[in-house]
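Structural description and commentary
Each chain, letter by letter, is given below.
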Amino acid sequence: MTTTFTDAKLREALKVYFIMGSINCLKSPVEVLTEAICGGITMFQFREKGTNALVGEEKYALAEELQFICKKYKIPFIVNDDIALAQTLKADGVHIGQEDDPIPVVREQIGDKILGVSVHNVEEAKIALQKGADYFGVGPIFPTTTKADAKPASGVAILTELRMKGYSLPIVGIGGITAKNASQVIKAGADGVSVITAISLADNIVHATKVLNEAIIQNDRKN
Ligand SMILES: Cc1ncsc1CCOP(=O)(O)O
Ligand SMILES: C=C1C=NC(C)=NC1=N
Ligand SMILES: [Mg+2]
C-alpha cells in the first residue's frame with residue numbers, strides 16, 4: 001500500500017500497533033501475525049532484533065512473508081531500524097530510535113512513507129517534530145523486559161506532558177502495555193498502544209488482541 005497517511009488515518013492505525021520479530025514468538029511468526037490480525041490489530045511493525053534475531057536472507061524472507069499477510073488484510077506494514085529493507089520491500093514506513101540514522105537522512109530515503117520516531121522526553125520530541133517525524137513512539141511507559149536496553153519506565157506522565165506542551169501529532173505509547181493498563185495510556189493522551197509480548201506470547205492470541213482492542217475502543221468512546 002503506498003497511500004500517503006493523513007494524521008487522522010495514522011491515529012486510527014496507531015490504535016493497536018503490534019510489533020514483533022521471530023524471537024518474540026513461541027510459534028511461527030506467520031501464525032502469530034495472522035492471529036493478531038484476526039484479533040484486530042490496526043498496524044504491524046517488523047522488529048527483528050535481539051539475541052538470535054534473524055539476519056540477511058532469512059530476515060528478508062520472513063519480512064516478505066509477514067508483509068504479504070499485512071497486504072492481504074490491508075494492515076500497514078512498518079519496518080524497525082532497517083531502512084534498506086523497508087525500501088526494498090516498499091514498506092508503508094519505518095520506525096527509528098534516537099541512535100539510528102538522523103531523521104532527515106531517513107526522510108530523504110523513504111519519501112512520504114510513514115516515519116515513526118522513539119522519543120523519551122520533551123527535548124527529544126521537540127527535535128524529532130522539527131525534523132519531520134510523523135508519529136512518536138513514547139516509552140517505556142511501564143516496566144518491560146522485552147527490550148534489553150530499555151530506559152526505566154516513565155509512567156504515563158510523559159504522554160500528558162507532551163500533550164500539555166502542544167504536541168498534537170499522532171502518539172503511541174509502548175512498554176509493558178497490556179489490556180489491564182492500556183486505558184491509562186489512552187486517558188493520558190496517546191492515540192493508541194504498541195505491544196509486543198501482550199500479544200505475541202498470549203496463550204490465545206486472537207482473544208488477547210480482542211480484549212486489548214476493547215480496552216482501547218471503550219476508552220476512546222469515553223473521551
Ligand atoms: C521496543 C520497545 N521500546 C520501548 S519498550 C519496548 C518493548 C515493548 O515490549 P512489550 O510490549 O513486550 O513490553
Ligand atoms: C522502540 C520503539 C518505540 N516505539 C515504537 C512504536 N516502536 C519501536 N520499535
Ligand atoms: Mg532503533
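Residues numbered from 1 in each chain as written. Chains lettered and ligands numbered in written order. Predicted model: local features only at pLDDT ≥ 70, side-chain atom pairs only at ≥ 80, totals over all residues. Heavy atoms only, no water.

Digging into the UniProt feature "binding site: Mg(2+)" (unreviewed entry) in the protein
This is how the line gets drawn: UniProt positions are given in the numbering used here, feature names are shortened, and annotations may be inferred rather than shown by experiment. Here a cavity means grid points, on a 1 Å grid over the protein atoms only, where a 1.4 Å probe fits yet cannot get out; a pocket means an open set of points with protein on both sides within 12 Å along at least five of seven lines; lining residues are those with an atom within 4 Å of a point. Comment: elements are numbered from the N terminus, with helices defined as DSSP H or I runs of at least four residues and strands as E runs of at least two. It only takes one pair of heavy atoms within 4.5 Å for two residues to be counted as in contact. Within 3.5 Å is the distance limit for a polar contact, defined as a pair of N or O atoms, with the added protein rule that one can donate a hydrogen and the other accept it, and that residues adjacent in sequence qualify only through two side-chain atoms.
When the UniProt feature table is mapped onto this chain, "binding site: Mg(2+)" (unreviewed entry) is found at Asp 81 and Asp 100. Of the residues just listed, which span 20 residues, no C-alpha pair is farther apart than 6.8 Å, and they cluster in one region. Here, the largest pocket is lined by Asp 81 and Asp 100 out of the annotated residues. On the secondary structure map, Asp 81 appears in the loop between strand E3 (77-80) and helix H4 (83-89). Leave out the neighbours within four places in its chain, and Asp 81 touches Lys 49, His 95, Ile 96, Gly 97 and Asp 100. For Asp 81, the side chain forms a polar contact with the side chain of Lys 49, separated by 3.0 Å. By secondary structure assignment, the location of Asp 100 is in the loop between strand E4 (93-96) and helix H5 (103-110).

Observations concerning helix H3 (residues 56-72)
Residues separated by three or four positions in an α-helix point in the same direction, a consequence of the helix having 3.6 residues per turn. The condition is simple: A helix is expected to span 1.5 Å for every residue after the first. Three labels apply to residues, based on accessible area from a 1.4 Å probe with only protein chains included: buried if under 20% of the type maximum, exposed if over 50%, partly exposed otherwise in between. The directions from the helix axis to the C-beta atoms form the arc being described.
Taking 1.5 Å as the rise per residue, H3 with 17 residues should run 24 Å; its terminal C-alpha atoms sit 25 Å apart, in good agreement. The set of residues buried in H3 consists of Lys 59, Leu 62, Ala 63, Leu 66, Gln 67, Ile 69 and Cys 70. Across the axial projection of H3, the buried residues extend over an arc of 155°, all falling on one side. The exposed set on the far side of H3, more than 90 degrees from its buried face, consists of Glu 57, Phe 68 and Lys 72. On the buried face of H3, the contacting elements are strand E1 (16-20), helix H2 (29-39), strand E2 (43-46), E3 and H4.

A word on the layout of surface pockets
In plain terms, the rule: Grid points are joined across faces, edges and corners, and a volume is the space filled by probe spheres set on the points. Residue classes follow a fixed rule: Ala, Val, Leu, Ile, Met, Phe, Trp, Tyr, Cys and Pro count as nonpolar, while Asp, Glu, Lys and Arg count as charged, and any other residue, Gly among them, counts as polar.
For the largest pocket, the calculated volume is near 620 Å³. Along the walls of the largest pocket sit 37 residues, with Arg 47, Ser 118, Gly 139, Lys 147 and Ile 174 positioned nearest its centre. Broken down by secondary-structure element, the contributors of at least two residues to the lining of the largest pocket are E1, E4, strand E5 (114-119), strand E6 (135-138), strand E7 (171-174), strand E8 (192-195) and helix H9 (197-200). Of the residues belonging to the lining of the largest pocket, the class tally is 13 nonpolar, 16 polar and eight charged.

Some points on the coordination of the magnesium ion (ligand 3)
Here is the rule: Water is absent from the atoms considered, so a metal site may look incomplete; donors are defined as N, O and S atoms within 2.8 Å of the metal, or 3.2 Å for Na, K and Ca.
Surrounding the magnesium ion (ligand 3) are the protein donor atoms Asp 81 (OD) and Asp 100 (OD), at 2.0 to 2.2 Å. Pair noted here: Asp 81 is in the loop between E3 and H4 and Asp 100 is in the loop between E4 and H5, with a separation of 19 residues, a long-range link.

Some remarks on the UniProt feature "domain: Thiamine phosphate synthase/TenI" (unreviewed entry) in the protein
The feature "domain: Thiamine phosphate synthase/TenI" (unreviewed entry), as annotated in UniProt, sits at residues 16-199 in this numbering. Its end C-alpha atoms 10 Å apart, residues 16-199 is made of 38% helix and 19% strand.

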